[in-house]
Amino acid sequence: MRRLLRPFPWAQLGLLCLGIVLAPLQAIALALTGLAVPLAVLSPRPFLFLAEGLAALCALDRTRFLVLHGRAVGQPLPGAPRDLDGRDQMAWLLAHPAHQRVASYTIVRLGLAAIQTLALTVTLTFPLVVLASAAAGFSLGYEPRGVFLGFFDPVLALLLVAVTVTLLLFGVPALVRGLAWVDHRITTTLLGSAETDELERRVGELVSARERTVSAADDERSRLERDLHDGAQQRLIALSVLLGQVEGRLAAGDPAPGDGGALALVRRARDEASGTIDELRTLTRGLRPPILEARGLDAALSAVAARLPMPVDIRIDLPRRPDPAREAMLYFAVTELLTNVAKHAQGAPASVEVYGDGALIRAIVADAGPGGADVARGTGLRGIATRLAGVDGRLFLSSPVGGPTVITVEVPCA
Amino acid sequence: MRVVLAEDSGLLREVLTGALVERGIEVAAAVGDAEQLLRFLDRGAEVDAVIIDVRMPPTFTDEGVRAALVIRQRWPRLGVLILSQYVEERYAAELLASGAHGVGYLLKDKVGDLAEFSDALARVASGGTALDPDVVGQLVVRSRRQGPLARLTPRERDVLSAMAEGRSNAGIAAKLVVGEGAVEKHVTSIFAKLDLNEADGQHRRVQAVLTFLRGDSA
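Since the structure is predicted, the reported quantities are computational estimates derived from the model, not experimental observations.

Definitions and limits used
Counting starts from 1 at the beginning of each chain's written sequence and moves along it residue by residue. Ligands are numbered from 1 and chains lettered from A, in the order in which they are written. Per-residue local features of the predicted model are confined to residues with pLDDT of at least 70, and side-chain atom pairs are confined, for both listing and counting, to 80 or more; whole-chain, interface and lining totals are unaffected and use all residues. The side-chain figures draw on all heavy atoms in the structure; neither hydrogens nor water molecules are used. Two strands form a pair only when DSSP identifies at least two bridges running between them. Going along the chain from the N terminus, every DSSP run of H or I of four or more residues is numbered as a helix, and every run of E of two or more is numbered as a strand. Axis geometry follows a simple rule: fit a line to the C-alpha atoms, using only the stretch in contact for helices, then measure angles between N-to-C directions, giving values from 0 to 180 degrees. Residue contacts are defined here by distance: any two heavy atoms, one from each residue, within 4.5 Å place the two residues in contact. Buried area: the accessible area, evaluated with a 1.4 Å probe, that two parts lose upon being put together, summed over both parts. Any N or O atom pair separated by 3.5 Å or less is treated as a polar contact, with the protein-specific requirement of one donor-capable and one acceptor-capable atom, and with residues adjacent in sequence counted only for side-chain atom pairs. Classes in brief: Ala, Val, Leu, Ile, Met, Phe, Trp, Tyr, Cys and Pro nonpolar; Asp, Glu, Lys and Arg charged; the others, Gly included, polar. Put simply, buried Ala, Val, Leu, Ile, Met, Phe, Trp, Tyr and Cys residues joined by side-chain atoms within 4.5 Å make one nonpolar core. Each residue gets one of three labels from its accessible area relative to the maximum for its type: buried under 20%, exposed over 50%, partly exposed in between, using a 1.4 Å probe on protein chains only. We count a salt bridge whenever a side-chain nitrogen from Lys or Arg sits within 4 Å of a carboxyl oxygen from Asp or Glu. Like charges are joined within 9 Å and nonpolar side chains (Val, Leu, Ile, Met, Phe, Trp, Tyr) within 5 Å, but only among residues with over 30% relative accessible area and no salt bridge; these make up the patches. To measure how exposed things are, a 1.4 Å probe is used in the Shrake-Rupley method; for residues, cover is taken only from the protein chains shown.

(A) Region of the structure containing the sheet that holds strand β1 (residues 2–6) of chain B. All names here are of chain B. Pairing is parallel across the open sheet formed by six strands, whose spatial order is β2-β1-β3-β4-β5-β6. Strand pairing shows two members of the sheet lacking a second neighbour, β2 (26–31) and β6 (129–131), which therefore form its edges. Across the sheet, the mean angle separating the axes of adjacent strands is 20° when strand polarity is ignored. The pairing of β1 with β2 spans five bridges and is classified as parallel.

(B) Summary view of the interface of chain B and chain A. Between chain B and chain A, the residue contacts involve 20 residues of the former and 17 residues of the latter. If you sort the residues of chain B by the area they bury against chain A, Leu11, Glu22 and Arg55 of chain B come out on top, with a joint share of 30%. Linking chain B with chain A are eight residue pairs in polar contact (both at pLDDT 80 or more). The leading source of residues in the side of chain B that touches chain A is helix α1 (residues 10–22) of chain B, at eight residues. Taken together, the residues of the side of chain B that touches chain A break down into nine nonpolar, four polar and seven charged.

(C) A look at the nonpolar core. Ranked by size, the top nonpolar core spans 53 residues in total, and within it Leu37, Val50, Ile52, Ile71, Tyr105 and Leu160 of chain B carry the most contacts. A per-element tally of this core places helix α10 (residues 203–213) of chain B first, with six residues. In contact with Ile71 of chain B, other than residues within four places in its own chain, are Leu37, Leu38, Leu41, Val50, Ile52, Pro76, Leu78 and Val80 of chain B. By size, the runner-up hydrophobic cluster in this structure holds 36 residues, among which are Ala300, Ala348, Ile361 and Leu381 of chain A.

(D) Molecular detail of the pattern of salt bridges. Residues and elements named next belong to chain A. Counted by the stated rule, this structure contains 27 salt bridges over all chains. Glu272 is the salt-bridge partner of Arg268, the closest N and O atoms lying 3.7 Å from each other. Residue Arg268 and its partner Glu272 are both found in helix α8 (residues 262–285); the two are separated by four residues, about one turn of the helix. Residue class for Glu272 comes out buried when judged on its relative accessible area of 7%. Close ionic contact of Arg362 with Glu410 constitutes a salt bridge, the shortest N to O distance being 2.7 Å.

(E) A nonpolar patch on the surface, seen in detail. On the surface, Val21, Leu25, Ile28, Leu32 and Leu35 of chain A cluster together into a nonpolar patch covering about 470 Å² of accessible area. Locating Val21 of chain A in the fold gives a position in helix α1 (residues 10–39).

Structure below.
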């Protein structure tokens, strides 16, 4: 009984009415968007504009439920990445499952709105007509018989009025609630899973990024081990052999002084020692140097630049230091890129610019060298891109033959 | 003494060759990988020992050990001295599976001690054993728990370790800072505990060392 005596569901009724108004508008927007697809041959602009309008209507549609459920259904539709060109944005939208669902949703909504309209019109107007007619019948008497409902005798008329009032009091609210519930369910099913989609996509991305990161770290370790084994370790062994020779000669009173004497061996040993030091320095370049931790990117990158053969202009403009992982990532990326410049740009000057806000840090490494760099061919660039993927970062390359080469590294910091 | 050197690092090849020559050891050839080494030996070169780096092209894993196994099969009288960057007891064990005769396994970082190194080389060339103390140490740890070796006293194990390194009784005595007589007593006791007959003579040392090194499989 309590269930039946709830107040009239005005909110649900409002929600339904708004939906009924929005549905045809959405349908029109969808139809126009569809018509704009072939127009993309000329320009993708109309499509993008209409798709945005459709998305806005959908947003309004989702927000309807805020009144009733305290939260909108689903998530806003994701917009196409701004850095894509128009046609690619269009392809992106058409391929996106959430956007694809908007089409089916709009069609379902149109049908639903028609049913809702019919149901509401009938259930709301019929009782009113009955009551009005009954009132007219009573006030005018039952003669002449032409008056609507007048052919009933008063008892039957009263009975009909009682049934109608009951229907109006209990049936209509139930119907409105039911329709609103169905509306909510359908909207949730067709628009709400944008959230799930997004999560699925993110999980997929993260899984593959993690795999890439793990294997990149593995490759990195193998490379490091090989470099150490082939380089520094052999040098140090050679050094110890040379010193062993010196020891032998000194113990014997250096029987062969002069050119091949202990002195020459000591000189050779010293050369090997400094060669080893150089090699270790080169190796640790890819790792995290103490100066990065102590003084940050500017100091660390300046130290790197100082060792390079070409002039490097470094400008760092960050509101605060990024977290250590991202800082190391940026350091590594910029260092690798500068090493590439040193290797390939034939001494052309380079510039490094690092700037960002709380959400994104961008590092731009440019050189006036001969250009023609290619991510597919350079393992260095691929290595950077792979490591960047580990923190959701990206690498953009512009390197026309003849130069200049501009490489942008983006690292989000959420 | 004539030796062949197989080592992929050109620098080390050159420096090591220089040092060996200075010690009066003739370096018949210095090659960069196992294939060249085997080709050289195939030509019937008269050498007493080969020095082989474990890691060599093309895969830089265990080419040297595999080449050593081939050499031990095809030229059993040739001394084989393996140089390794790390203590890789599995490699040592594989090498010793065919006997401890004329086998050496040294860590590369000990090569600087040229006197010791050329001694080891000479031992291997004349059919003895030269195992790095670190390699032996690792094998000891593995074999301590089971087998006939468990019957040895700690001192006897020390003596056996030194024996596995390829030392003579005098060498063992010097290393453990005891008299030669004491070492002889320990050695006799070790032979008894490992059931090695007197009839085997000098060969018993090799047998003892082998038992010791195979301790992990006993």
